[in-house]
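Observations on chain architecture
Letter by letter, the chains look like this.
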Amino acid sequence: MGMGFRGTVTDAPDFDASADAETLYNAMKGIGSDKEAILDLVTGRSNAQRQEIVQAYKSSYGKNLIDDLKYELTGKFERLIVSLMRPQAYHDAKEIHDAIKGAGTDEKCLIEVLASRNNQQIHNLVEAYKDAYGSDIEEDVTGDTSGHFKKMLVVLLQGTRDEPGVVHADLVEEDAQALFAAGEEQWGTEESIFIMLLGNRSVSHLQMVFDKYQEIAEKPIEDSIKSELSGDFERLMLAVVQCIRSVPMYFAKRLYKSMKGLGTQDNTLIRIMICRSEIDMLDIRECFRMRYEKSLYNMIKEDTSGDYKRTLLALCGGDDDLAGEFFPEAAQLAYKMWETSAMTKVQLRPTIRPASDFDPADDAQNLRKAMKGFGTDEDVIINIVANRSNAQRQEIRQAFKSILGRDLMKDLKSELSKNLERLIIGLMLTPAEFDAKMMRKAMEGAGTDEHSLIEILVTRSNEEIHAMNAAYRAGYKKSMEEAIQSDTSGRFSQILTSLVQGAREQGPADWDRALVDAQELADACNEGSDEMEIKFMSILCTRSFPHLRRVFQEFVRCSNKDIEQIIKKEMSGDVKQVMYGIVQSVKNQSNYFAERLYKAMKGMGTDDRALIRIMVSRSEIDLFNIRKEFKETHDCSLHEFIQVETMVGDTSGDYRKTLLMLCGGQD
């Protein structure tokens, strides 16, 4: 990353340790303490200066400053201030010690600390640990872990990685081939190769190896690690790879997860804000804004409170949402990200597959039995419907009519209610009928659900859009295009009309044309908002996704801006939302859906329609991929999230149970 100092906390000028010690002493004297004075002073000094204050406090008052702070302060604020007073290596040592000494091991903490520290920091940590706890860190860590996970931690604890800049040019290709052969190419993974190479080669060398790997495997090494390894070992290796690509980006992701999972993980938040404040907090902030389109400052502000919040914000420094421009490092990372996205071949994986030994007549009769007479056997209905593919469900509908002379859909509607009914009926419709119905629901009645219209139209293929158009006309006796035009207006309506044609170009990127397109978008950014919207629409609504990935990659180079930042800054309302949706979908469609699911459950009350729409429509396409992305972004499995977030309104538990069946595994 950038040259020179990239921290937010620096040595205070005109520093006087004794005067500071006195200020702290007075702030804690008497009844209640002056927390503001304490936090202002502590965050306004560097760690080295804080050590001098600890010394001066002991000389002047014969007392231990850390003990006094612990006595005076409470909760998260206390943990934060006390941690700031420790030398960095001792803070790391305490984190590791706490991670293995409590009940159950905090593997995430072990992974984060050991994957992200450089050789010198590791050596300092090992010494500090011995000094503070009188035991050997390696023995303690190995006593508490096992398998490949343990081996890799031992390798990292040696702190013997080649120094940055040491590149064995003749070995780059060989190493990449070795990793490919050890994982993707053979049955069962040769983990020791991963451990040896990822634990010992220099950062600069491995960055080149990863580029080479991407060429050979047609996917980033992260994807291979996710599919080849599992559990804590997988998490550790991913962390190592992310730190090799960019330590600040790794921490930006960890910070986001610490605030965006189920409840705030304050330990992680405190640890990162403290340990990076004097190293690379500026870079982390930049990566954070690039990745999440929001400043770290604002995220902390919304997610924490009181003196704790004020201290974290002081460590964070400024608010990058005020800046708006891209720094060169972030632009480089953005360019790389689009390049990776352009080169990756994604393998779509469903969670619902056809049932073997399928007998539609048998299913039809069992469904009828479950609905006949008094009370309904929901379990039978759920077990049949959620465990068949859509094609099989269509055969059941047919058999129900042929054998029993009844309309299965009508019977289901009269027997089920609320969300369970919406979910089961959604599964029984063909994908095209379901999409058409969702479009209809988004437009009928008072107020339009623009988010649904956008989500459906930016993620469906041409074929899916044509099928949906036909189903819409059959079901509602008018064209979807007419419906959209009577329900929306202005530029937004034009964009949706363009998308609903299902005429997006297909096929790979055309490099020369991508350069021209990128330059046109960059030029359009300097024109009036009208011209800009028209130009963006003419490119974003018509080019193939692979082509757009290259366009967005080159756009970074032409403009030194990120396409998403521009859309957020220069556009507004529904036009902004739909353009943004297209870019998100082009960038990583599974992630786009994962974020839509998160929002559906995390807002005020659950947006069940969105939840049902995504779970039903993606279950036979890519719900497995969406699950992986969800876990990656929120450090919590989709399964867990649905379980916790749908508890409230679902009294019988049938709705939740069906959603979890569609979701599949726990991750």
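It should be emphasised that the depicted structure is a prediction, and the values quoted were computed from it without experimental measurement.

To continue, consider the overall build of the protein. The number of helices and strands found in the protein is 40 helices and zero strands. Rg of the C-alpha trace for the protein: 28 Å, near the compact-globule value of 26 Å for 667 residues, within the 12% margin. Across its three principal axes, the protein shows a C-alpha extent of roughly 95 × 60 × 60 Å. Per-residue burial over the protein gives 52% buried out of 667 residues. Within the protein, contacts between residues at least 6 apart in sequence are counted, and of these 74% link residues at least 24 apart. Accessible area for the protein stands at about 28,400 Å²; split by element, carbon and sulfur atoms hold 48% of it. Each charge class in the protein was averaged separately, 85 positive and 110 negative side chains, and the resulting centres sit 5 Å apart.

Turning next to helix α13 (residues 203-217). For α13, built from 15 residues, the straight-helix expectation of 21 Å at 1.5 Å per residue is met to within 8% by its first-to-last C-alpha distance of 20 Å. Of all the residues in α13, the buried ones are H205, L206, V209, F210, Y213, Q214 and A217. E218 sits one or two positions beyond α13 and adopts a positive phi of about 60°.

Listed as buried for helix α20 (residues 306-316) are Y308, T311, L312, L313, L315 and C316. Positive backbone phi, approximately 90°, marks G317, located one or two places after α20.

Here we come to the packing of aromatic side chains. Summed over the entire model, instances satisfying the criterion amount to 15 aromatic pairs. Between W338 and F552 the ring centres are 5.2 Å apart and the planes differ by 65°, which places this aromatic pair in the edge-to-face class. Residue W338 is located in helix α21 (residues 328-343), and its partner F552 is located in helix α34 (residues 545-559); the two are separated by 214 residues in the primary sequence. Here the two residues W338 and F552 agree in accessibility, since each one is buried. An aromatic cluster is present here, built from Y25, Y57 and Y61 joined pairwise through their rings. Over the aromatic face of F624 sits the side chain of R349, whose NZ or CZ is 3.8 Å from the ring centroid.

A pair of packed helices is captured by two measures, namely the crossing angle of their axes and the spacing between those axes. Two numbers describe how helix α4 (residues 65-72) lies on helix α5 (residues 75-85): the axes approach to 9 Å, and their chain directions differ by 175°. When the axis of α4 is compared with that of α5, the two are roughly antiparallel. Facing α4, whose interface residues are L65, I66, L69 and K70, α5 presents E78, I81, V82 and M85. Classifying every residue of the contact of α4 with α5 by side-chain character gives six nonpolar, no polar and two charged.

Attention now moves to the packing of helix α22 (residues 360-371) against helix α25 (residues 408-415). Their axes nearest at 11 Å, the elements α22 and α25 cross at an angle of 30°. For the element pair α22 / α25, the angle class is roughly parallel. Between α22 and α25 lies a crossing whose hand is left-handed. Residue-level inspection shows L367, R368 and M371 of α22 in contact with α25, the latter providing L408, D411, L412 and E415.

Now for the pattern of salt bridges. Per the stated rule, a full pass over the model turns up 44 salt bridges. Among the salt bridges present, the one from E520 reaches K535, with a minimum N-O distance of 2.8 Å. With E520 in helix α32 (residues 511-524) and K535 in helix α33 (residues 529-540), this pair connects stretches of sequence that are 15 residues apart. Classification of E520 by relative accessible area gives partly exposed; the value is 30%. Each of E95, K108, E112, R254, K257, R271 and D635 takes part in salt bridges that share partners, so that together they form one network.

With that settled, consider unusual backbone geometry. For K477, which is not glycine, the phi dihedral falls at a positive 60°. Within the secondary structure, K477 sits in the loop between α29 (462-476) and α30 (480-487). In this structure K477 comes out as exposed when scored by relative accessible area, which is 67%. A positive phi angle, near 55°, is found at N560, a position not held by glycine. Inspection of the secondary structure puts N560 in the loop between α34 and α35 (563-570).

Cut-offs used in this document
Residues numbered from 1 in each chain as written. Predicted model: local features only at pLDDT ≥ 70, side-chain atom pairs only at ≥ 80, totals over all residues. Heavy atoms only, no water. Helix = DSSP H or I, 4+ residues; strand = E, 2+ residues; numbered from the N terminus. Rg over C-alpha atoms; globule rule 2.2 N^0.38 Å. Buried < 20%, exposed > 50% of the residue type's maximum accessible area, 1.4 Å probe, protein only. Contact = heavy atoms within 4.5 Å. Areas by Shrake-Rupley, 256 points an atom, 1.4 Å probe, with all protein chains shown as cover. Lys, Arg positive; Asp, Glu negative; His and termini not counted. Charge placed at Lys NZ, Arg CZ, Asp CG, Glu CD. Expected span 1.5 Å × (residues − 1). Phe/Tyr/Trp six-rings, centres within 6.5 Å; stacked < 30°, edge-to-face > 60°. Lys NZ or Arg CZ within 6 Å of the ring centre and 35° of its normal. Axes fitted to C-alpha atoms, helices over the stretch in contact; angles between N-to-C directions. Parallel < 35°, antiparallel > 145°, perpendicular 65-115°, else oblique. Nonpolar A, V, L, I, M, F, W, Y, C, P; charged D, E, K, R; others polar. Left-handed = near helix turned anticlockwise from the far one by under 90°. Salt bridge = Lys/Arg side-chain N within 4 Å of Asp/Glu carboxyl O.

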